[in-house]
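# Per-entry structural report
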Amino acid sequence: MSAKPPGGWRSWYVVGVLSVAYICSFIDRSVLGLMVGPIKEDLGISDTQFSLLHGFAFAIFYTLLGIPIAWLADRASRRNIIAAGIAVWSLMTALCGLARTFGAMFLARVGVGVGEAALSPAAYSMIADLFPREKLGRALGVYSSGVFIGIGLSFIISALLIGALETMTLPVVGELTPWRLTLILVGAPGLAIAALCFTFREPRRLGTKAGGVPLREASRFFGRNAKLYLLHFAAFSMLTLLFNAQLTWLAEYLIRIHGMERGAVGPYLGLIVTFFGGGGIICGGLHSDYLKRRGDNGGAIRAALLGAVLLLPFAATITLMPGAGLSLALAAPLLFFSSWVFSPATTALQLFSPPSMRAQFSAIYLFVVNLTGIGFGGTAVALITDYVFRDDNMLHYSMAIASTLSGTLGIVLLWLLLSIYRRAMNETERKLAAPARS
């Protein structure tokens, strides 16, 4: 008889600590969103260069270390890997505030990328060992809500700090303007969160081989299910691209096109992202669980498809509104449905992938999603602005074009994936049920 995940209060405590870490990760990586103007002016860079700092610097880190770290997470202590990752990305966030050139800041932002590389694959694997399959969606939904709480808090915190801080000069490091001080201050709390990880134990891996499985075995499993995985990765890459095309530039759009004050944009967007983004990703997980309880083994992909279809109209029109008020009103459903899709994305991956390979396949998923979605989402908008329109004041049209194209592709790919995933999951559930009947 195979052991069952506990799913009690101790499991939820681990999810709580991991969620706090995830929130910290997204505060640190998203805090630049309200500081486009000051950073561009201080470093003397273009929209495209800023977008590379905001997004691509993370993707390049995955190219080098994301998958090897996940391979290690399938064999070593996931808790310790997460704690080390938090400490590193927190220090690198502070170093961003000290960078004086585009190159130096780019390298520091690559270091911040260790957050996603070290945290999420190990966290997904841990959570999957802590909850029964029919409750996994809500647990991953709670964890994943850290994305939107973190992004929302990054807008609020950066607005408050930039408004309150004054330029100061310190020995050795020199002059520190408000945006630099903000990065230093938001990086510091991560060290305490890293220590908090040691308040829980590493959960027992369920249904895995000791020491993990050979790489060739994981490769064979991937090859047998290549169409499923490739469609999954491609579909959610497009939806991640849409999300980042909006989130990277939404604050700057309101400032540049509608003339809103930088300090006023932060609280508005922060609250919308936190409540509607966080609520959407939890609802997406609950809907995925609901469909599975009703016997739909393709429920995770079906839930994501529904969210993507409802998302597209808001993504295509939010930056075409005649006033800032209407754009802010549309930001609520935009963030709700763009977040809705991500909990089913991770749930689908954890349900289908064998326990001994979850962290590795999660890392491949994050590698592809970050390379294309996060790495290119903000840059796609900037390239259209800088090289197609050649006018910074056409930013809103660039955002609409990038979002419409990526959202449409995401919907088509999810539709193609749905039947393939459902058939594969039906077979997986039959295999899991066979030992119980015998």
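The following paragraphs examine the structure supplied in this document. Everything numeric in this text was worked out from a predicted model, so none of it was measured. (Residues numbered from 1 in each chain as written. Predicted model: local features only at pLDDT ≥ 70, side-chain atom pairs only at ≥ 80, totals over all residues. Heavy atoms only, no water.)

## Quick notes on the layout of surface pockets
For clarity, the cut-off: Think of a 1 Å grid over the protein atoms and nothing else: a 1.4 Å probe that fits but is trapped marks a cavity, an open set flanked by protein within 12 Å on at least five of seven lines marks a pocket, and residues with an atom within 4 Å of a point count as lining. Grid points are joined across faces, edges and corners, and a volume is the space filled by probe spheres set on the points. Only Asp, Glu, Lys and Arg are considered charged, only Ala, Val, Leu, Ile, Met, Phe, Trp, Tyr, Cys and Pro nonpolar, and every remaining residue, Gly among them, polar.
Within this model, the second largest pocket holds a volume of roughly 260 Å³. Taken together, the residues that form the lining of the second largest pocket break down as seven nonpolar, three polar and four charged.

## Examining helix α17 (residues 358-389)
We count it as follows: Each helix corresponds to a stretch of at least 4 residues labelled H or I by DSSP, and each strand to a stretch of at least 2 residues labelled E; elements are numbered beginning at the N terminus. A helix is expected to reach a length of 1.5 Å times the quantity of its residues less one. The seven residues ending at a residue and the seven starting there each receive a fitted axis; the angle between those axes is the bend at that residue.
Spanning 32 residues, α17 covers 43 Å between terminal C-alpha atoms, matching the ideal 46 Å at 1.5 Å per step. Of all the bends in α17, the greatest, near 50°, is centred on Phe376. Just past α17, the residue Arg390 takes up positive phi, approximately 55°.

## Structural notes on empty space enclosed by the protein
Scanning the entire structure with this criterion turns up two cavities of 30 Å³ or more. Of the voids in this model, the largest cavity is the one considered here, and its volume is about 390 Å³. Along its surface, the largest cavity is lined by 28 residues, and Phe26, Val147, Thr240, Phe243 and Ile374 are the ones closest to its centre. Sorting the residues of the lining of the largest cavity by element identifies α1 (9-30), α3 (47-73), α6 (114-128), α8 (146-164), α12 (226-256), α16 (342-352) and α17 as the ones contributing at least two each. When the residues that make up the lining of the largest cavity are grouped by side-chain class, the tally is 16 nonpolar, ten polar and two charged. The computed volume of the second largest cavity comes to approximately 40 Å³. Lining the second largest cavity, in full, are Ser288, Lys292, Asp296, Asn297, Gly298, Gly299, Ala300, Leu351, Tyr421 and Met425. Looking at the lining of the second largest cavity, the elements with two or more residues in it are α13 (262-293), α14 (299-317) and α18 (395-437). When the residues that make up the lining of the second largest cavity are grouped by side-chain class, the tally is four nonpolar, four polar and two charged.

## Side note on the packing of α16 against α17
Threshold: An axis is simply a line fitted to the C-alpha atoms; with a helix, the fit covers only the stretch in contact. Between two such axes, the angle follows the N-to-C directions and lies from 0 to 180 degrees. Note: crossing handedness is left-handed where the near helix turns anticlockwise from the far helix by less than a right angle, and right-handed where it turns clockwise. Only heavy atoms enter the contact rule, under which two residues are in contact if any of them lie within 4.5 Å.
Axis separation between α16 and α17 bottoms out at 10 Å; the angle between their running directions is 145°. Like other packed secondary-structure pairs, α16 and α17 cross with a definite hand, here right-handed. Contacts between α16 and α17 involve Ala345, Thr346, Leu349 and Gln350 on the former and, on the latter, Arg358, Phe361, Ser362 and Tyr365. Considered class by class, the residues forming the contact of α16 with α17 number four nonpolar, three polar and one charged.

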